[in-house]
Amino acid sequence: MPKLIVANWKNNPKSLHEAARLAKATDFKGIAVAPPRIYLSSVAKLLKNASLARQNLEDDIPPKKLKIKYVILGHSDYRKAGETDAAINKKIKLALKHNFKVILCVGESKAIRRKGIPAAKRFITTQLQKDLAGIRNSKLKIQNLAIAYEPIWAISTEKNAKPDTPENAAQMIKHIKKVLYTKYMIRNTKVLYGGSVTPKNAKAFLSRKEIDGALVGRASLKPKLFQAIIKG
Ligand code: PGA
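None of the values given here were measured: they were computed from a predicted structure. (Residues numbered from 1 in each chain as written. Predicted model: local features only at pLDDT ≥ 70, side-chain atom pairs only at ≥ 80, totals over all residues. Heavy atoms only, no water.)

### Things to note about the packing of aromatic side chains
The line we're drawing: Aromatic rings from Phe, Tyr and Trp, taking only the six-membered ring of Trp, are treated as a pair when their centres fall within 6.5 Å; an angle between ring planes under 30 degrees marks them as stacked, one over 60 as edge-to-face, and anything in between as tilted. By the criterion adopted, a ring carries a charge over it if an Arg CZ or a Lys NZ lies within 6 Å of its centre and within 35 degrees of its normal.
Scanning the model with the defined rule gives 1 aromatic pair in all. K64 extends its terminal NZ or CZ atom over the ring of F100, reaching a point 5.2 Å from the ring centre.

### A closer look at the site of the ligand
The condition that has to hold: The cutoff for a nearby residue is simple: one of its non-hydrogen atoms must lie within 4 Å of the molecule or strand. We define a polar contact as two N or O atoms separated by no more than 3.5 Å, with the added condition that, inside protein, one atom must be a possible hydrogen donor and the other a possible acceptor, whereas residues neighbouring each other in sequence contribute only through side-chain atom pairs. What sets the accessible areas is the Shrake-Rupley method with a 1.4 Å probe; for residues, cover comes only from the shown protein chains. Here the term charged refers only to Asp, Glu, Lys and Arg, the term nonpolar to Ala, Val, Leu, Ile, Met, Phe, Trp, Tyr, Cys and Pro, and the term polar to all other amino acids, Gly among them.
Around the ligand, the neighbouring residues are N8, K10, H75, E150, I155, S156, G195, S196, L215, V216, G217 and R218. The side chain of K10 places a nitrogen or oxygen atom 2.6 Å from an oxygen atom of the ligand. Burial of the ligand by the protein chains amounts to 99% of its free accessible area of 280 Å². Tallied by class, the residues present in the shell around the ligand amount to 3 nonpolar, 6 polar and 3 charged.

### Here's the deal with the nonpolar core
Selection criterion: Joining through side-chain atoms within 4.5 Å is the link that ties buried Ala, Val, Leu, Ile, Met, Phe, Trp, Tyr and Cys residues into a set, and such a set is a nonpolar core. The rule is simple: take the accessible area with a 1.4 Å probe, protein chains only, and divide by the maximum for that residue type; under 20% is buried, over 50% is exposed, in between is partly exposed. Counting from the N terminus, the helices are the DSSP runs of H or I reaching at least four residues and the strands are the DSSP runs of E reaching at least two. Any two residues whose heavy atoms approach within 4.5 Å at even a single point are treated as in contact.
Residues I92, L104, L128, L132, I147, I176 and Y193 are the most contacted members of the largest nonpolar core, which totals 61 residues. For this core, the element with the most residues is helix 7 (residues 166–184), which contributes 8 residues. Excluding anything up to four places from it in sequence, L128 contacts L104, V106, I147, I176, V179 and Y184.

### Looking at the side chain of T26
Along the polypeptide, T26 turns up in the loop between helix 1 (16–25) and strand 2 (31–34). Of the polar contacts made by the side chain of T26, one reaches the backbone oxygen of L22; its length is 2.4 Å. Here T26 is in contact with A7, I31, V33, A50 and F226, once residues within four sequence places are set aside.

### Some details on unusual backbone geometry
A cis amide bond, omega -15°, links N12 with the succeeding residue P13. Considering the arrangement of structural elements, one finds P13 in the loop between strand 1 (4–8) and helix 1. Despite not being glycine, K67 has its phi angle at roughly 55°, a positive value. Topologically, K67 is positioned in the loop between strand 3 (51–55) and strand 4 (68–73). Positive phi outside glycine occurs at N160, with the angle close to 55°. Relative to the helices and strands, N160 resides in the loop between strand 6 (145–149) and helix 7.

### Remarks on the sheet that holds strand 5 (residues 101–106)
For clarity, the threshold we go by: The pairing criterion is simple: DSSP has to find at least two bridges between the two strands. Axis angles are defined between N-to-C directions and span 0 to 180 degrees, where every axis is a line fitted to C-alpha atoms and, for a helix, only to the segment in contact.
Read around the closed barrel, 8 strands run 1-2-3-4-5-6-7-8, paired in parallel fashion. When strand polarity is set aside, the average angle formed by the axes of neighbouring strands in this sheet is 25°.

Here is the structure:
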(Lines give C-alpha, C1' and ligand atoms only; values in the text may rest on other atoms or scores of the structure.)
Protein backbone atom coordinates (compact mmCIF):
# COMPACT_ATOMS: atom_id res chain seq x y z
CA MET A 1 0.00 0.00 0.00
CA PRO A 2 1.59 3.35 -0.93
CA LYS A 3 2.08 5.68 2.00
CA LEU A 4 0.01 8.85 2.19
CA ILE A 5 1.48 12.12 3.40
CA VAL A 6 -0.91 14.92 4.27
CA ALA A 7 0.14 18.56 4.65
CA ASN A 8 -2.12 20.19 7.22
CA TRP A 9 -1.53 23.93 6.90
CA LYS A 10 -4.07 24.80 9.63
CA ASN A 11 -4.44 28.61 9.51
CA ASN A 12 -1.28 29.26 7.53
CA PRO A 13 0.30 30.86 5.58
CA LYS A 14 -0.52 34.53 6.00
CA SER A 15 -0.99 35.48 2.36
CA LEU A 16 -2.38 33.99 -0.81
CA HIS A 17 0.94 34.65 -2.47
CA GLU A 18 2.72 32.44 0.07
CA ALA A 19 -0.01 29.82 -0.19
CA ALA A 20 0.50 29.63 -3.95
CA ARG A 21 4.25 29.27 -3.52
CA LEU A 22 3.81 26.56 -0.93
CA ALA A 23 1.27 24.69 -3.06
CA LYS A 24 3.62 24.60 -6.03
CA ALA A 25 6.49 23.39 -3.85
CA THR A 26 4.27 20.65 -2.38
CA ASP A 27 2.66 19.39 -5.56
CA PHE A 28 3.75 15.74 -5.63
CA LYS A 29 1.92 12.47 -6.21
CA GLY A 30 0.89 10.63 -3.06
CA ILE A 31 0.51 13.91 -1.18
CA ALA A 32 -2.66 15.57 0.05
CA VAL A 33 -2.66 19.28 0.83
CA ALA A 34 -5.11 20.79 3.32
CA PRO A 35 -4.98 24.58 3.05
CA PRO A 36 -7.22 26.86 5.08
CA ARG A 37 -10.63 27.29 3.55
CA ILE A 38 -9.97 30.77 2.15
CA TYR A 39 -7.21 29.43 -0.11
CA LEU A 40 -8.96 26.25 -1.24
CA SER A 41 -10.09 27.38 -4.66
CA SER A 42 -6.75 29.05 -5.51
CA VAL A 43 -4.75 26.03 -4.35
CA ALA A 44 -7.12 23.71 -6.24
CA LYS A 45 -6.13 25.41 -9.48
CA LEU A 46 -2.41 25.04 -8.79
CA LEU A 47 -2.21 21.38 -7.85
CA LYS A 48 -1.44 19.06 -10.74
CA ASN A 49 -0.18 16.00 -8.85
CA ALA A 50 -1.14 16.31 -5.20
CA SER A 51 -4.72 15.85 -3.98
CA LEU A 52 -6.69 18.51 -2.22
CA ALA A 53 -7.97 18.05 1.31
CA ARG A 54 -10.30 20.14 3.36
CA GLN A 55 -9.85 20.85 7.05
CA ASN A 56 -13.14 19.94 8.67
CA LEU A 57 -16.64 20.42 7.31
CA GLU A 58 -19.32 22.75 8.49
CA ASP A 59 -22.85 22.07 7.42
CA ASP A 60 -21.90 22.69 3.86
CA ILE A 61 -20.68 20.30 1.24
CA PRO A 62 -17.75 21.62 -0.78
CA PRO A 63 -18.64 22.07 -4.45
CA LYS A 64 -17.51 19.25 -6.74
CA LYS A 65 -15.60 21.64 -8.96
CA LEU A 66 -13.01 22.17 -6.22
CA LYS A 67 -12.04 18.50 -6.63
CA ILE A 68 -11.58 17.94 -2.92
CA LYS A 69 -10.62 14.33 -2.31
CA TYR A 70 -10.07 14.18 1.45
CA VAL A 71 -11.79 15.71 4.45
CA ILE A 72 -9.93 15.79 7.77
CA LEU A 73 -12.35 15.30 10.66
CA GLY A 74 -11.97 15.16 14.42
CA HIS A 75 -8.71 17.09 14.55
CA SER A 76 -7.82 17.93 18.14
CA ASP A 77 -7.90 21.68 17.40
CA TYR A 78 -11.61 21.34 16.66
CA ARG A 79 -12.25 18.89 19.47
CA LYS A 80 -10.62 21.37 21.85
CA ALA A 81 -12.88 24.09 20.48
CA GLY A 82 -15.86 21.99 21.54
CA GLU A 83 -16.58 19.65 18.65
CA THR A 84 -18.21 16.54 20.12
CA ASP A 85 -17.89 12.93 19.02
CA ALA A 86 -21.57 13.05 18.03
CA ALA A 87 -20.92 16.01 15.73
CA ILE A 88 -17.86 14.28 14.27
CA ASN A 89 -19.90 11.12 13.69
CA LYS A 90 -22.48 13.12 11.73
CA LYS A 91 -19.79 14.77 9.63
CA ILE A 92 -18.12 11.45 8.84
CA LYS A 93 -21.42 10.11 7.55
CA LEU A 94 -22.06 13.26 5.54
CA ALA A 95 -18.59 13.25 3.99
CA LEU A 96 -18.73 9.54 3.10
CA LYS A 97 -22.21 9.98 1.63
CA HIS A 98 -20.79 12.61 -0.70
CA ASN A 99 -17.92 10.34 -1.69
CA PHE A 100 -15.11 12.16 0.04
CA LYS A 101 -12.34 10.21 1.65
CA VAL A 102 -12.31 10.86 5.38
CA ILE A 103 -9.22 11.18 7.55
CA LEU A 104 -10.50 10.80 11.09
CA CYS A 105 -8.09 12.06 13.75
CA VAL A 106 -8.00 10.30 17.09
CA GLY A 107 -5.57 10.65 19.96
CA GLU A 108 -5.26 10.71 23.71
CA SER A 109 -4.24 13.55 26.02
CA LYS A 110 -1.04 13.64 28.02
CA ALA A 111 -2.91 12.83 31.24
CA ILE A 112 -4.23 9.62 29.69
CA ARG A 113 -0.91 8.58 28.18
CA ARG A 114 0.74 9.09 31.57
CA LYS A 115 -1.47 6.29 32.86
CA GLY A 116 0.19 3.98 30.34
CA ILE A 117 -0.34 2.44 26.92
CA PRO A 118 -3.30 0.21 27.96
CA ALA A 119 -5.20 3.30 29.19
CA ALA A 120 -4.40 5.12 25.93
CA LYS A 121 -5.64 2.12 23.94
CA ARG A 122 -8.88 2.04 25.90
CA PHE A 123 -9.41 5.74 25.25
CA ILE A 124 -8.82 5.35 21.52
CA THR A 125 -11.20 2.37 21.34
CA THR A 126 -13.96 4.47 22.91
CA GLN A 127 -13.22 7.43 20.66
CA LEU A 128 -13.45 5.22 17.57
CA GLN A 129 -16.69 3.66 18.80
CA LYS A 130 -18.30 7.06 19.31
CA ASP A 131 -17.01 8.60 16.10
CA LEU A 132 -17.92 5.58 13.98
CA ALA A 133 -21.29 4.80 15.62
CA GLY A 134 -23.78 3.44 13.12
CA ILE A 135 -21.23 3.17 10.33
CA ARG A 136 -21.05 -0.58 10.23
CA ASN A 137 -24.50 -1.33 8.91
CA SER A 138 -24.80 1.76 6.80
CA LYS A 139 -24.50 1.81 3.06
CA LEU A 140 -21.58 4.21 3.32
CA LYS A 141 -18.32 3.45 1.60
CA ILE A 142 -16.34 2.54 4.62
CA GLN A 143 -13.28 1.81 2.49
CA ASN A 144 -13.01 5.59 2.04
CA LEU A 145 -12.14 5.98 5.69
CA ALA A 146 -8.60 6.56 6.91
CA ILE A 147 -7.48 7.30 10.46
CA ALA A 148 -4.76 9.59 11.74
CA TYR A 149 -3.40 8.64 15.13
CA GLU A 150 -2.38 11.96 16.63
CA PRO A 151 -1.56 11.85 20.34
CA ILE A 152 -2.52 15.37 21.42
CA TRP A 153 0.63 15.89 23.49
CA ALA A 154 2.79 15.22 20.42
CA ILE A 155 1.26 17.94 18.24
CA SER A 156 3.76 20.74 17.77
CA THR A 157 1.38 23.48 18.90
CA GLU A 158 1.15 21.88 22.38
CA LYS A 159 3.40 22.99 25.18
CA ASN A 160 6.55 20.82 25.42
CA ALA A 161 5.39 18.75 22.48
CA LYS A 162 7.51 15.74 21.60
CA PRO A 163 6.86 13.21 18.87
CA ASP A 164 5.73 9.78 20.00
CA THR A 165 8.31 7.05 19.55
CA PRO A 166 7.87 5.10 16.32
CA GLU A 167 7.58 1.93 18.43
CA ASN A 168 4.68 3.25 20.50
CA ALA A 169 2.98 4.87 17.51
CA ALA A 170 3.20 1.56 15.64
CA GLN A 171 1.74 -0.26 18.63
CA MET A 172 -1.17 2.18 18.90
CA ILE A 173 -1.80 1.99 15.16
CA LYS A 174 -1.82 -1.78 15.30
CA HIS A 175 -4.43 -1.50 18.03
CA ILE A 176 -6.54 0.89 15.91
CA LYS A 177 -6.45 -1.56 13.00
CA LYS A 178 -7.49 -4.39 15.28
CA VAL A 179 -10.46 -2.38 16.59
CA LEU A 180 -11.50 -1.45 13.05
CA TYR A 181 -11.42 -5.06 12.01
CA THR A 182 -13.00 -6.69 15.03
CA LYS A 183 -15.76 -4.12 15.56
CA TYR A 184 -16.43 -2.90 12.03
CA MET A 185 -15.03 -5.60 9.75
CA ILE A 186 -12.94 -2.91 8.09
CA ARG A 187 -9.68 -4.20 6.71
CA ASN A 188 -6.91 -2.36 4.88
CA THR A 189 -7.68 1.02 6.42
CA LYS A 190 -4.82 3.43 6.12
CA VAL A 191 -3.73 4.62 9.55
CA LEU A 192 -1.36 7.57 9.59
CA TYR A 193 0.74 8.99 12.39
CA GLY A 194 0.67 12.71 13.20
CA GLY A 195 2.47 14.77 15.83
CA SER A 196 5.75 16.66 15.34
CA VAL A 197 6.81 14.75 12.23
CA THR A 198 10.01 16.30 10.89
CA PRO A 199 12.66 15.27 8.33
CA LYS A 200 14.66 13.89 11.27
CA ASN A 201 12.07 11.37 12.41
CA ALA A 202 9.88 10.83 9.31
CA LYS A 203 11.80 7.83 8.06
CA ALA A 204 11.59 6.08 11.42
CA PHE A 205 7.79 6.43 11.35
CA LEU A 206 7.25 5.77 7.66
CA SER A 207 9.47 2.71 7.47
CA ARG A 208 7.22 0.91 9.96
CA LYS A 209 4.89 -1.49 8.22
CA GLU A 210 1.99 -0.59 10.54
CA ILE A 211 2.22 3.15 9.76
CA ASP A 212 0.62 3.99 6.43
CA GLY A 213 1.59 7.63 6.23
CA ALA A 214 1.91 10.89 8.10
CA LEU A 215 -0.19 13.94 8.86
CA VAL A 216 2.25 16.81 8.97
CA GLY A 217 1.49 20.24 10.42
CA ARG A 218 4.33 22.65 11.09
CA ALA A 219 6.92 20.99 8.86
CA SER A 220 4.51 21.14 5.91
CA LEU A 221 4.82 24.94 5.89
CA LYS A 222 8.48 24.85 4.93
CA PRO A 223 8.97 23.45 1.42
CA LYS A 224 12.50 22.22 2.20
CA LEU A 225 11.39 20.34 5.29
CA PHE A 226 8.31 18.91 3.65
CA GLN A 227 10.20 17.78 0.58
CA ALA A 228 12.77 16.11 2.83
CA ILE A 229 9.95 14.23 4.59
CA ILE A 230 8.51 13.07 1.28
CA LYS A 231 11.85 11.95 -0.07
CA GLY A 232 12.50 9.98 3.13
P1 PGA B 1 2.41 18.99 13.77
O2 PGA B 1 0.82 18.95 13.55
O3 PGA B 1 3.05 18.19 12.68
O4 PGA B 1 2.74 20.46 13.67
O5 PGA B 1 2.66 18.42 15.11
C6 PGA B 1 0.16 17.77 13.23
C7 PGA B 1 -1.32 18.04 13.21
O8 PGA B 1 -1.83 18.79 14.07
O9 PGA B 1 -2.04 17.51 12.35
